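# Fold and geometry: a report
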Amino acid sequence: MLKSLVFVFALPCMLAAITAYAADPAPQAAAAAIHWKYKLSDIVVTTTDVQGKAVNSLNVTVIDYFLGVIAGHADAYPTQFDNDDQRADVTDKLRRLASVLSELDTGDSVDVNILRREAYAYDLAYKLGFAASGPQAMALYQKLIARTPDDPLTNFQYGSFLAANDILRPKSIPYLQKAVDLGEKKANYTLGITFLAMGQDQKGLVCLQQYSSDFPNDQQAKNLIAYVKSGAIKNVPHP
């Protein structure tokens, strides 16, 4: 579910500072200009039933496309934009998308597929500084975890959201660990970074090594592991 989404592995603030120490020294390329593949109006698909009546339905592929592209900018730390116009464009798309998903939220009976995307949209809004989006994302994730407590992606999403907050970070560990136990192998990276940020370097190293074993082509993970092993991580102040 939501396989097309890009999820945050490196966390903002303190966590991003740690990964920066271990990053490849080569300068990063600027974010490419956005060429939107769809229009927001493509989210709703209108078809005709056998009686000739118009029937509206959601195009989940389009919703996931927008969330994925927006996440490519919002999930980086610092957020990645070429200029103010690009930021304004992404911000506008996210605001309108979150509004559509909120309108589709029918409360306790909301479809879990809508709820998952709504929670993630407000998570991204929180990263982009939308007012009141943090509490909204928290409420939606809590609702989602209550509906799907044993879903690996739900635990990964919620755990990642908690881990990005200095105060809430310790609460993220059970959810990230559960995501790993349920088969979400990518969660080991976020879990490892979280342990490092909390001063539990050995636990963090174990998680990162497992992640690197599962994803051997991720050079950033290898760099970070080498950095932790060197002992230099001790010079990074923990929150």
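Residues numbered from 1 in each chain as written. Predicted model: local features only at pLDDT ≥ 70, side-chain atom pairs only at ≥ 80, totals over all residues. Heavy atoms only, no water.

### Details of the overall build of the protein
Rules: Strands here are runs of E lasting at least two residues and helices are runs of H or I lasting at least four, both read from the DSSP assignment and numbered beginning at the N terminus. Throughout this description, buried means an accessible area under 20% of the type-specific maximum (1.4 Å probe, protein chains only), exposed means over 50%, and partly exposed covers the range between. When checking whether two residues touch, look at their non-hydrogen atoms; a contact exists if any pair is within 4.5 Å. With residues, only the protein chains shown are counted as cover, and all accessible areas are computed by Shrake-Rupley using a 1.4 Å probe.
When helices and strands are counted, the protein shows 10 helices and two strands. Going residue by residue from the N terminus, the α and β elements of the protein occur as α-β-β-α-α-α-α-α-α-α-α-α. Going through the 239 residues of the protein one by one, you find that 47% of them count as buried. Taking contacts inside the protein between residues at least 6 apart in sequence as the whole, the part at least 24 apart equals 61%. When the accessible surface of the protein is summed, it comes to about 11900 Å², and 54% of that surface belongs to carbon and sulfur atoms.

### Overview of the packing of aromatic side chains
Convention followed: Only centres within 6.5 Å qualify two rings of Phe, Tyr or Trp (six-membered ring in Trp) as a pair; their planes then separate them into stacked at under 30 degrees, edge-to-face at over 60, and tilted for everything else. The criterion for a charge sitting over a ring is simple: Lys NZ or Arg CZ within 6 Å of the ring centre, and within 35 degrees of the ring normal.
Tallied over the entire structure, the rule returns 10 aromatic pairs. Judged by centre distance (5.4 Å) and plane angle (45°), the ring pair of Tyr141 and Phe161 falls under tilted. With Tyr141 in helix 5 (residues 133-147) and Phe161 in helix 6 (residues 152-163), this residue pair connects regions lying 20 residues apart in the sequence. With relative accessibility at 4%, the residue Phe161 sits in the buried group. Site record: aromatic cluster; members linked through ring pairs are Tyr126, Tyr141, Tyr158, Phe161 and Tyr175. For Arg95, the ring lying beneath its charged end belongs to Phe130, and the centroid distance is 4.8 Å.

### Concerning unusual backbone geometry
Of note, Ala132 is a non-glycine position whose phi angle comes to about 65°, a positive value. Mapped onto the elements of the fold, Ala132 is located in the loop between helix 4 (112-127) and helix 5. Owing to a relative accessible area of 59%, Ala132 belongs among the exposed residues under this scheme.

### Re the nonpolar core
Generally speaking, soluble globular proteins have nonpolar side chains that are buried together. Put simply, the rule is: Take the buried residues of types Ala, Val, Leu, Ile, Met, Phe, Trp, Tyr and Cys, join any two whose side-chain atoms come within 4.5 Å, and each joined set is a nonpolar core.
Of all hydrophobic cores here, the largest spans 40 residues; its most connected members are Leu94 and Leu124. The set of elements that each furnish at least two residues to this core consists of helix 2 (60-74), helix 3 (84-104), helix 4, helix 5 and helix 6. Residue contributions to this core peak at nine residues, all from helix 4. When sequence neighbours within four positions are dropped, the list of residues in contact with Leu94 reads Ile70, Ala121, Leu124, Ala125, Leu128 and Phe130.

### Comments concerning the packing of helix 8 (residues 187-197) against helix 9 (residues 201-214)
To keep it simple, the criterion reads: Axis angles are defined between N-to-C directions and span 0 to 180 degrees, where every axis is a line fitted to C-alpha atoms and, for a helix, only to the segment in contact. Roughly parallel covers angles under 35 degrees, roughly antiparallel covers those over 145, roughly perpendicular covers 65 to 115, and oblique covers all other angles. Here a crossing is called left-handed whenever its near helix is offset anticlockwise from the far helix by less than a right angle, and right-handed whenever the offset is clockwise. Ten residues, namely Ala, Val, Leu, Ile, Met, Phe, Trp, Tyr, Cys and Pro, are considered nonpolar, four, namely Asp, Glu, Lys and Arg, are considered charged, and the remaining ones, Gly among them, are considered polar.
Remark: helix 8 packs on helix 9, axes separated minimally by 7 Å, with the N-to-C direction vectors making an angle of 160°. The angle between helix 8 and helix 9 places the two elements in the roughly antiparallel class. Regarding helix 8 and helix 9, the two cross each other, and that crossing is left-handed. Contact residues: helix 8 offers Asn188, Tyr189, Leu191, Gly192, Ile193, Phe195 and Leu196, while helix 9 offers Asp201, Lys203, Gly204, Cys207, Leu208, Gln210 and Tyr211. Residues belonging to the contact of helix 8 with helix 9 are distributed by class as follows: eight nonpolar, four polar and two charged.

### So, the side chain of Thr91
If you trace the backbone, Thr91 turns up in helix 3. On the accessibility criterion, Thr91 (15% relative accessible area) is buried.

### Points about the confidence of the model for the protein
Note the cut-off: Confidence of the predictor at the level of single residues is captured by pLDDT, which takes values from 0 to 100.
With 83% of its residues at a pLDDT of 70 or more, the protein has an overall mean of 84. For the protein, the element scoring lowest by mean pLDDT is helix 1 (residues 14-22), at 43; helix 7 (residues 169-181) scores highest, at 97. With pLDDT under 50 throughout, residues 1-31 is counted as low confidence; its partners more than four residues away or in other chains account for 78 contacts.

### Here we look at helix 5
Just so we agree on the cut-off: Multiplying 1.5 Å by the helix residue count minus one yields the expected span of that helix.
Taking 1.5 Å as the rise per residue, helix 5 with 15 residues should run 21 Å; its terminal C-alpha atoms sit 21 Å apart, in good agreement. Taken together, the buried residues of helix 5 touch helix 4, helix 6 and helix 7.

### What about the pairing of strand 2 (residues 54-58)?
Working note: regular strand, side chains alternate between the two faces of the sheet. To be explicit about the condition: Strands are labelled as partners when DSSP assigns at least two bridges between them.
Sheet analysis places strand 1 (residues 44-48) next to strand 2, joined by five bridges and oriented antiparallel. Residue Thr48 lies in a different strand from strand 2, and its bridge partner there is Ala54.

### Re the pattern of salt bridges
Our working definition: When a carboxyl oxygen of Asp or Glu is within 4 Å of a side-chain nitrogen of Lys or Arg, the pair counts as a salt bridge.
Under the definition given, this model contains 10 salt bridges. The salt bridge involving Lys93 is made with Asp89; its shortest N-O contact spans 2.8 Å. With Lys93 and Asp89 both in helix 3, this residue pair falls four residues apart, about one helical turn. The class of Lys93 is buried, set by a relative accessible area of 13%. When the shortest N-O distance is used, the salt bridge between Lys178 and Asp150 registers 2.9 Å. Separated by 28 residues along the polypeptide, Lys178 in helix 7 and Asp150 in the loop between helix 5 and helix 6 bring together distant segments of the chain.

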